[in-house]
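Residue-level structure breakdown
Now for the letters of each chain:
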Amino acid sequence: MIDIFSENITLENEVAKVVPFEVGNSNDLSEICYDNEIWEYMETSITNEFSLQAYLDTALSQRENNEAYPFIVYDKRVGNVAGCTRYGLVDQACQSLEIGWTWYGRDFRGTGINLACKHLLLEYAFEHAGVNRVSFSAAKDNLRSHHAIKKIGGHFEGVLREVFPDADGSFHDLATFSILKSEWPEIKGNIFSEFVG
């Protein structure tokens, strides 16, 4: 059985620190979230303090209702908040969950923070939380996210047509990827070796 919601999950390696989304730390996101490029392929958009508050309220509500487990990601190299990610779509019968809803401030993209963060989340999911399958998804046209998912070992599965709504209500195709528990030891050794040990 996957049990993440009863835990206070804080994960850390040399590069990243991943902490639960809470009222006390969520305000740090205001420093990096007002960037239209972040929200181009997301189902929400943060453009002002009101939409930020709605985003925060939704994330906190999803954790309270055991719908998702949102995290804030810190870059330890600079000592600052870098972005957000979360566990979601937990399926007990299939022993699966999705890692996603990930975004980073402009200064943190392409710096290795995503690789460090995903190492922590995958390691916890496979080695502590009882997960057999981790899925990832991104809008079909979001090639930057596709590259990032493949870089962490995600296996491309296919495209679901018009299942992804964006902030303006348009529907887009969604590319899906996954990593299985049986694949994790090799991925951990090859892709995440710098964070192991």
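Since the structure is predicted, the reported quantities are computational estimates derived from the model, not experimental observations.

1. Quick notes on unusual backbone geometry
Within the chain, Leu-89 stands out as a residue other than glycine whose phi angle is a positive 50°. Position of Leu-89 relative to the elements: it lies in strand 4 (residues 80–91). Residue Leu-89 is classed as exposed on the basis of its relative accessible area, which comes to 55%. Positive phi, close to 50°, is recorded for Glu-162, a residue that is not glycine. Among the secondary structure elements, Glu-162 is positioned in strand 7 (residues 155–165). Residue classification places Glu-162 among the exposed positions, given a relative accessible area of 55%.

2. Focus on helix 3 (residues 113–127)
Since the α-helix packs 3.6 residues into each turn, any two residues three or four apart lie on the same face. Taking 1.5 Å as the rise per residue, helix 3 with 15 residues should run 21 Å; its terminal C-alpha atoms sit 21 Å apart, in good agreement. Counting buried residues in helix 3 gives 13 out of 15 residues, a clear majority hidden from the surface.

3. Describing the pattern of salt bridges
Two side chains with opposite charge may pair up if their charged atoms get near one another. Using the criterion set out here, one finds 10 salt bridges in the structure. A salt bridge links Arg-109 to Asp-35; its shortest N-O distance comes to 2.7 Å. With Arg-109 in the loop between strand 5 (96–104) and helix 3 and Asp-35 in the loop between helix 1 (23–26) and helix 2 (49–64), this residue pair connects regions lying 74 residues apart in the sequence. Overall, the relative accessible area of 23% leaves Arg-109 in the partly exposed class. A cluster of three or more residues bridged by salt bridges with shared partners is formed by Asp-35, Glu-37, Arg-106, Arg-109 and Arg-144.

4. Quick look at the nonpolar core
Core analysis: the largest hydrophobic core is formed by 58 residues, its most contacted members being Tyr-87, Trp-103 and Leu-122. Ranked by residues supplied to this core, first place goes to helix 3 with 10 residues. When residues no more than four places from it in sequence are discounted, the contact partners of Trp-103 are Leu-29, Ile-32, Cys-33, Ile-38, Trp-39, Met-42, Tyr-55, Ala-82, Gly-83 and Cys-84.

5. Notes on the packing of aromatic side chains
Taken as a whole and judged by the stated rule, the model has 9 aromatic pairs. Taking the centre distance of 5.9 Å and the plane angle of 65° together, the rings of Trp-39 and Tyr-55 count as edge-to-face. Within this pair, whereas Trp-39 is found in the loop between helix 1 and helix 2, its partner Tyr-55 is found in helix 2, the two being separated by 16 residues in sequence. Of the two residues examined, Trp-39 and Tyr-55, each falls in the buried class. Centroid distance Trp-184 to Phe-192: 5.7 Å. Interplanar angle 50°. Geometry classified as tilted. The exposure class assigned to Trp-184 is buried, which follows from its relative accessible area of 3%. Accessibility expressed as a relative area gives 0% for Phe-192, which makes it buried. Following the ring pairs from residue to residue traces out a cluster consisting of Phe-21, Trp-39, Tyr-55 and Trp-103.

6. Observations regarding the pairing of strand 6 (residues 133–139)
Strand 6 sits mainly inside the fold: 5 of its 7 residues count as buried. Note that strand 5 and strand 6 share 3 bridges and pair parallel. Opposite Glu-98, over in strand 6, you have Ser-135 as the bridge partner. Bridge count between strand 6 and strand 8 (residues 171–180): 7 bridges; the pairing is antiparallel. Bridge pairing in strand 8 links Ala-139 to Leu-174.

Reading the values: the criteria
- Residues numbered from 1 in each chain as written.
- Predicted model: local features only at pLDDT ≥ 70, side-chain atom pairs only at ≥ 80, totals over all residues.
- Heavy atoms only, no water.
- Helix = DSSP H or I, 4+ residues; strand = E, 2+ residues; numbered from the N terminus.
- Buried < 20%, exposed > 50% of the residue type's maximum accessible area, 1.4 Å probe, protein only.
- Expected span 1.5 Å × (residues − 1).
- Salt bridge = Lys/Arg side-chain N within 4 Å of Asp/Glu carboxyl O.
- Core = buried A, V, L, I, M, F, W, Y, C linked by side-chain atoms within 4.5 Å.
- Contact = heavy atoms within 4.5 Å.
- Phe/Tyr/Trp six-rings, centres within 6.5 Å; stacked < 30°, edge-to-face > 60°.
- Pairing = 2+ DSSP bridges.

Honestly, it's all geometry; don't read function into it.
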